[in-house]
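Each chain, letter by letter, is given below.
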Amino acid sequence: MTEQERRTEEAGSGAAPDAEDRRGLSQGIAVAEGARPQKGLTEEKVFELNDVAVLYDGNPAVREISFDVFKNRITALIGPSGCGKSTLIRCFNRMNDLIPIARVEGEILYHGEDLYGPNVDPVQVRKLIGMVFQKPNPFPKSIYDNIAFGPRTLGMKGDMDDIVERALRRGALWDEVKDRLDENAYGLSGGQQQRLCIARCVAVEPDVILMDEPCSALDPISTGKIEDLMMELKDDYSIVIVTHNMQQAARVSDMTAFLIVELDASEKNRTGRIVEYDETQTIFTNPSDQRTEDYVTGKVG
Ligand SMILES: Nc1ncnc2c1ncn2[C@@H]1O[C@H](COP(=O)(O)OP(=O)(O)O)[C@@H](O)[C@H]1O
Ligand SMILES: [Mg+2]
């Protein structure tokens, strides 16, 4: 993790919205409860991307990205290394704002509201849209304090012991740590640390959880636990996951976006684009683009 990501993580994912203000991105803009379609009746959109591009120093790393992310679904971003998966997932909580040379173009709507609009508070965005990184990054604090940090910072109401227990249960970690909550989180295994980071994320009751290759540093057993956890969490959250593990995308996700990287005419600039976005089952069993088929069947990588 870069210094920048670490700082963002500390500033952002520990924090949380008030219960009354789960959707509004800035003070005063709240999405009316009745305005939202009921779960199950239609596919509610959490994000709508319209012709999004991200440029570093003026060179597009991804471009012409348009797709919707649906509520209570797991959306996977797959594609070869360097195609812009991390760049793209950072658009969803404005983390590219923290990279001085990065510029985001196009439109990203979050529950219908412009995520990059002038009245939007980026700090509020990162409260609502939590992120879990490739390498587990617990704070050098006790297990208890890792979870309590965000709720305390936000002044969340309720008994802190209950908040911590609930989050650790949601993170499928409670039974393993309930007798050593005051021990330093660094004493946990890598897989436990990652579940702690997920629990820390859910402790502040976000709306969306972003995960950038959350299992790539973990063994298969820990990976399986996190995959199970993701499938439980999607009842309450919308999840976007970057993975280079196609079996993982096929196992856990509902929707999959497949990206490739294209060279421009000068063969100097590489830009990622979406080849295909569809239900995961379609992407893996009946893709409409030959390049998707070649990738998911392992012909190219
Ligand atoms: N902070 C950055 N500054 C400059 N270029 C970057 C930065 N992050 C990523 N890139 C470039 O953007 C392209 C896509 O990178 P990335 O989003 O990390 O791809 P992936 O996650 O799919 O491997 C790469 O060419 C990479 O070098
Ligand atoms: Mg990446």
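Bear in mind the structure is a predicted one, so any value in this text is a computation, not a measurement. (Residues numbered from 1 in each chain as written. Chains lettered and ligands numbered in written order. Predicted model: local features only at pLDDT ≥ 70, side-chain atom pairs only at ≥ 80, totals over all residues.)

1. Observations regarding the overall build of the protein chain
Piece 1. When its secondary structure is counted, the protein chain shows 11 helices and 10 strands.
Piece 2. Within the protein chain, the proportion of its 301 residues that are buried is 43%.
Piece 3. Within the protein chain, counting contacts between residues at least 6 apart in sequence, those at least 24 apart form 73% of the total. (Helix = DSSP H or I, 4+ residues; strand = E, 2+ residues; numbered from the N terminus. Buried ≥ 20, exposed ≤ 12 C-beta atoms within 10 Å, placed from the backbone. Contact = placed C-beta atoms within 7 Å.)

2. Some thoughts on the nonpolar core
Grouped burial of nonpolar side chains is what soluble globular proteins tend to show.
Piece 1. Counting residues in each nonpolar core, the largest one holds 75 residues, and the members touching the most others are Leu77, Ala199, Val208, Ile209, Leu210, Ile239 and Val240.
Piece 2. Ranked by the residues each element gives to this core, the list is headed by helix α7 (residues 190-203), at seven residues.
Piece 3. The residues touching Leu77, leaving out its near neighbours within four places in the chain, are Lys85, Leu88, Ile89, Val240, Val242, Ala257 and Leu259. (Core = buried A, V, L, I, M, F, W, Y, C linked by C-beta atoms within 7 Å.)

3. Details of the packing of α7 against helix α8 (residues 220-233)
Piece 1. Packing of α7 against α8 leaves a shortest axis separation of 9 Å and a crossing angle of 20 degrees. The orientation of α7 relative to α8 falls into the category roughly parallel. As α7 packs across α8, the resulting crossing turns out to be right-handed. Residue-level contacts link Gly190, Gly191, Gln194, Arg195 and Ile198 of α7 to Ser222, Lys225, Ile226 and Leu229 of α8.
Piece 2. Broken down by class, the residue content of the contact of α7 with α8 amounts to three nonpolar, four polar and two charged. (Axes fitted to C-alpha atoms, helices over the stretch in contact; angles between N-to-C directions. Parallel < 35°, antiparallel > 145°, perpendicular 65-115°, else oblique. Left-handed = near helix turned anticlockwise from the far one by under 90°. Nonpolar A, V, L, I, M, F, W, Y, C, P; charged D, E, K, R; others polar.)

4. Some thoughts on the confidence of the model for the protein chain
Piece 1. Per-chain confidence: the protein chain averages 87 in pLDDT, with 86% of residues scoring 70 or above.
Piece 2. In the model, residues 6-23 has pLDDT below 50 throughout and makes 41 contacts with residues more than four positions away in sequence or in other chains.
Piece 3. Here residues 27-41 is a poorly scored stretch, pLDDT under 50, and it has 14 contacts once near neighbours within four places are set aside; other chains count. (pLDDT = per-residue confidence, 0-100.)

5. With respect to the pairing of strand β2 (residues 59-70)
Piece 1. With eight bridges connecting them, strand β1 (residues 45-56) and β2 associate as antiparallel partners. The residue of β2 that forms the bridge with Tyr56 is Asn59.
Piece 2. As consecutive antiparallel partners, β1 and β2 are separated by two residues, and within that stretch Asp57 has a phi angle of approximately 55 degrees, a positive value. (Pairing = 2+ DSSP bridges.)

6. Thoughts on the environment of Arg73
Piece 1. By secondary structure assignment, the location of Arg73 is in the loop between β2 and β3 (74-78).
Piece 2. Judged by the 19 C-beta atoms lying within 10 Å of it, Arg73 falls in the partly exposed class.
Piece 3. Residues Arg73 and Val240 lie 167 residues apart in sequence; the distance between their C-alpha atoms is 8.3 Å.
Piece 4. The contact partners of Arg73, leaving out residues within four places of it in the chain, are Lys234, Ser238, Asp254 and Met255.

7. Some thoughts on the site of ligand 1
Piece 1. The local shell around ligand 1 consists of Tyr56, Ala61, Ser81, Gly82, Cys83, Gly84, Lys85, Ser86, Thr87, Ile99, Ile101 and Arg270.
Piece 2. Its residues assigned to classes, the shell around ligand 1 shows five nonpolar, five polar and two charged. (Near = placed C-beta within 6 Å.)

8. A word on the pairing of strand β10 (residues 270-279)
Piece 1. Bridge count between strand β9 (residues 255-263) and β10: nine bridges; the pairing is antiparallel. By the bridge assignment for β10, Val261 is matched with Gly272.
Piece 2. Counted between consecutive antiparallel strands, the loop separating β9 from β10 contains six residues, among which Glu267 sits at a positive phi close to 60 degrees.

9. Notes on the environment of Val52
Piece 1. For Val52, the position within the fold is in strand β1.
Piece 2. Judged by the 21 C-beta atoms lying within 10 Å of it, Val52 is buried.
Piece 3. On a C-alpha basis, the gap between Val52 and Gly106 in space is 4.3 Å, while along the polypeptide they are 54 residues apart.
Piece 4. With near-sequence residues (within four places) excluded, Val52 lies in contact with Ile65, Cys91, Val104, Glu105, Gly106 and Ile108.

10. Some remarks on the environment of Phe284
Piece 1. With respect to the element layout, Phe284 can be found in helix α10 (residues 280-285).
Piece 2. Its 21 C-beta neighbours within 10 Å are what place Phe284 among the buried residues.
Piece 3. For the pair formed by Phe284 and Ala249, sequence separation is 35 residues and the distance between their alpha carbons is 9.4 Å.
Piece 4. Excluding anything up to four places from it in sequence, Phe284 contacts Ala250 and Val296.

11. Details of helix α4 (residues 143-153)
Piece 1. Listed as buried for α4 are Ile143, Asn146, Ile147, Ala148, Gly150 and Pro151.
Piece 2. Buried-residue contacts for α4 involve α5 (160-170), α6 (174-177) and α7.

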